[in-house]
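Structural description and commentary
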Amino acid sequence: MPGYNLVDEPWLAVRPVVGGPPMKLGIAEALARAHELECLVVEFSTQLPAVLRQVLLPVVAHATGTPRDFAEKGERLTRKGGFTKAELGSLRIYLDKHYAKFDLFDPVDPFAQVAGLRTAKDETKGSAALVATAASGNNVPLFANRSDADPLDLTPAQAAHWLLHAHCWDTAAIKTGVVGDDQVKAGKTTGNPTGPLGQLGVVVPTGRTLYETLLLNLPVTPPEVLGVPQWMRGPHEPAWKPRKAEGLLDLWTWQARRIRLIPHQDETGRPRVARVVVSAGDRLTPMSEQEPHTAWAFTAPAKKSAAALPERRPRRHTQGKAAWRGLDALLAPTRQSSDGAFETSVLLDEVSALREDGRLPADYPLQVETFGMVYGTQSAIVEDVIHDAIPLPLLALHQDSEAHQLLLDVAEQAEQLAKAVNNLSADLRRAAGADPIPWDKGQRPGDLLLHTLDPLVRRLLAGVRDAGADDDVLERGRLAWEEVAHHRARDAANELLLAAPATTFTGRTVTPAGTSGKSGTSGKSGKSGKSQTYKLGTAGANFRHRLDEILPRYADAVREAAAARAAGTGPALEPDPAPGADLDD
């Protein structure tokens, strides 16, 4: 079988900065032209952090070193020409020296695999065992158009991407036992965790070019704690063990599974991968404090005592929740306090420091991409994939800035508006004699409102970035947001009010158990055990009052404009143009 070396084979799809269709390049050319390339293009969103962490970032870090301090990181990040001539030379020398390590089908030391990996009965599985979107065993995605018995021929490029993806995101539970693994019992291993990224809410900052993205994701790291990547630790054996990550490069290239790709040649002589062996790999214990690609949450300690400190754990993303709804964690400063709620990622904290030192301009177009995997049935199947991208104004990373507070307020206002619409729906349903929609079942109207507000918030984020530190412009942008949000919330409320049956006009009294209400209803209690009447008029008035509380600036502006019109001294309310003022466009 001919080799397939990732250094020069065209397995990476990259989009040029100047536009046009993606190009296919190997590692060497992709890095040499990183300043000319906008981004990686992947078949499946969660492959992107896998390729960055398992290949590109470790190669750059090991060949050229990670930034020693913020000054060096800022200088390298803002360099217009990409890698210097000396750095390109180091990359070329490094890839030439370790060229054989990147051969996907090497018979002795295949890249990120174990040569000769086999079961006692020489059983293999279809390549679907690597593919998160393919039906394989118990992992059957909804509306899958193929079964486990259907062959899945992967090109070497596809196989490489899914190989890396499995090391990062593979499902948990039972794995095939292999010869040479002394922890196999009855032909299998149990208790396997998911891949390490499956335990995180992955946060990846991205820049204008692939070069900038690479530098944004290289944390300031002393050389003595950098460690070495997996290709310097091989050839790998079937045996595995629980262990700590020995440096950043070991963490990034963690071999969470023992895998063997079994290539064959199709009728045209081209290599393909249809069969694989996948078994247990090293278990990361505990989660590394060096992990740069996640935000953190502080939770109450399992054992309560005066000396016990809150536990610091990776903060996972919530299924169905846009990234901007988690701004409280993305914008939280590092180690907020020993009992604080959130801590942002190391990489975003470094970006904040670079902006504070003046090494990055306030209008730098930083994007933040979030990734996550939702597992089901003891984490043995993939239920959903989380991916989002938002523009993040650099000034908002500073806790004392107006932009920081504005974005936190906007995210909170959106949540409160959704809650207000849900409460209106619940009151109207009670007035009609029905129960409110359960929070964990069905789709509530507040969720639809959040969906409507989503593009508005994203546009506002870009507007805040363009506004810079001009507090007056930001204030006008805040008023514009409140105006549009007010109209969208009123629209959502009007739909509910118009759909309410006629019986809601007179309403319904809900009384505590053992008594009866006006409509003969009993057995349900109102607030604080007191009888409470629900009707359309009251529900609408409560909603309007709550709307004014959530969006106070717009409410005040409306009152001031009404007073001015009554006095004949002012026109209808029309806020000045500002970032986000054209959110409806």
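As shown above, the structure is provided for reference.
Residues numbered from 1 in each chain as written. Predicted model: local features only at pLDDT ≥ 70, side-chain atom pairs only at ≥ 80, totals over all residues. Heavy atoms only, no water.

What to know about the pattern of salt bridges
Once the charged atoms of two side chains with opposite charge are near each other, the side chains can pair. A complete count under the given rule lists 38 salt bridges for this structure. The partner of R33 in a salt bridge is E36, with the nearest N and O atoms 3.0 Å apart. Take R33: its relative accessible area is 26%, and that puts it in the partly exposed class. Among the residues examined, E36 registers a relative accessible area of 36% and is labelled partly exposed. Where E72 meets R76, a salt bridge forms, and the shortest distance between an N and an O atom there is 3.4 Å. Linking E72 with R76, this pair stays in helix α3 (residues 70–77), spanning four residues, or about one helical turn. Within this structure, R68, E72, E75, R76, R79 and E87 form a network of salt bridges that share partners. (Salt bridge = Lys/Arg side-chain N within 4 Å of Asp/Glu carboxyl O. Buried < 20%, exposed > 50% of the residue type's maximum accessible area, 1.4 Å probe, protein only. Helix = DSSP H or I, 4+ residues; strand = E, 2+ residues; numbered from the N terminus.)

Some points on the sheet that holds strand β13 (residues 311–314)
Taken in spatial order, the three strands line up as β13-β12-β14 in an open sheet, and their pairing is antiparallel. Sheet topology places β13 and β14 (342–343) at the edges, where each strand pairs with a single neighbour. Sheet topology note: the strand β12 (residues 296–299)/β14 ladder contains two bridges and is antiparallel. By the bridge assignment, A297 is partnered in β14 with F342. (Pairing = 2+ DSSP bridges.)

A few points about the packing of aromatic side chains
On inspection of all chains with the given rule, the structure shows six aromatic pairs. Centre to centre, the rings of F44 and W162 are 5.5 Å apart; their planes meet at 40°, and the pair counts as tilted. Placement of F44 in the loop between β3 (37–41) and α2 (47–64) and of W162 in helix α5 (residues 156–169) is noted, with a sequence separation of 118 residues between them. Across the pair, W162 and F44 agree in class, each one buried. Three or more aromatic residues link up through ring pairs in this structure, and these residues are F102, F111 and W231. (Phe/Tyr/Trp six-rings, centres within 6.5 Å; stacked < 30°, edge-to-face > 60°.)

Here we look at unusual backbone geometry
The step from G234 to P235 runs through a cis peptide bond, and the omega angle for that step is 0°. In this fold, P235 is placed in the loop between α6 (210–216) and β8 (242–243). In this structure, the amide linkage connecting T285 to the following residue, P286, adopts the cis form with an omega of -10°. The residue P286 is located in the loop between β11 (283–284) and β12 in this model. In this structure, A112 is a non-glycine residue whose phi angle is positive, near 60°. Unusually for a residue other than glycine, A186 sits at a positive phi of about 55°. The residue A186 is located in the loop between β5 (173–176) and β6 (188–192) in this model.

Remarks on the nonpolar core
The biggest cluster of nonpolar side chains holds 132 residues, and the ones touching the most others in it are W11, I27, L56, L261 and L327. L327 has contacts with I390, L392, L407, L408, A411 and L461, leaving out every residue within four places of it along the chain. (Core = buried A, V, L, I, M, F, W, Y, C linked by side-chain atoms within 4.5 Å. Contact = heavy atoms within 4.5 Å.)

Overview of the environment of P219
For P219, the location among the structural elements is in the loop between α6 and β8. Put simply, P219 and R68 are 151 residues apart on the chain and 8.9 Å apart in space, counted from C-alpha to C-alpha. Look past the residues within four positions of P219 in its chain and what remains in contact with it is T66, P67, K73, L248, W252, P292, V346, L347 and E350.

Points about the environment of D447
You can see D447 is positioned in helix α11 (residues 445–467). Looking at D447, the relative accessible area reads 35%, which means it is partly exposed. For the pair D447 and K419, spaced 28 residues apart in sequence, the C-alpha to C-alpha distance is 9.0 Å.

Things to note about α3
Within the sequence span of α3, burial applies to E72, K73, G74, R76 and L77. Among the structural elements, α2, α4 (85–97), α6 and α9 (346–356) are those in contact with the buried residues of α3. Capping the start of α3 is the job of one residue whose side-chain oxygen sits 3.2 Å from the backbone nitrogen of A71: D69. (Polar contact = N/O pair within 3.5 Å; in protein donor to acceptor, adjacent residues only side chain to side chain.)

Points about the packing of helix α12 (residues 471–499) against helix α14 (residues 536–550)
One can describe the packing of α12 onto α14 by two numbers: an axis separation of 11 Å at closest approach and a directional angle of 170°. When the axis of α12 is compared with that of α14, the two are roughly antiparallel. Contact residues: H486, A489, R490, A493 and L497 in α12; L536, F543, L547 and D548 in α14. (Axes fitted to C-alpha atoms, helices over the stretch in contact; angles between N-to-C directions. Parallel < 35°, antiparallel > 145°, perpendicular 65-115°, else oblique.)

A look at helix α10 (residues 402–431)
Compared with an ideal rise of 1.5 Å per residue, which puts 30 residues at 44 Å, α10 spans 42 Å between its outermost C-alpha atoms and is within 8% of the ideal. In the stretch just after α10, G433 is the one whose phi turns positive, near 95°. (Expected span 1.5 Å × (residues − 1).)

Quick look at the sheet that holds strand β16 (residues 381–391)
Taking strand neighbours across the sheet as the criterion, the three strands line up as β7-β15-β16 in an open arrangement whose pairing is antiparallel. Across the chains shown, the open sheet's two edge strands, defined by having one partner strand only, are β7 (202–206) and β16. Across the sheet, the mean angle separating the axes of adjacent strands is 15° when strand polarity is ignored. Packing of α5 onto the sheet brings it into contact with β7 and β15 (367–376), and relative to β15 it is tilted by some 75°.

Considerations on the packing of α10 against α11
Close contact between α10 and α11 brings their axes to 9 Å; oriented N to C, the two are set at 165°. Overall, the two elements α10 and α11 adopt an arrangement that is roughly antiparallel. Considering the relative orientation of α10 and α11, their crossing is right-handed. Note on element contacts: α11 touches α10 through P445, G446, L449, L450, L453, V457, L460, L461 and V464, opposite A403, L406, L407, V410, A414, E415, L417, A418, V421, N422 and S425. Across the contact of α10 with α11, the residue classes break down as 16 nonpolar, three polar and one charged. (Left-handed = near helix turned anticlockwise from the far one by under 90°. Nonpolar A, V, L, I, M, F, W, Y, C, P; charged D, E, K, R; others polar.)

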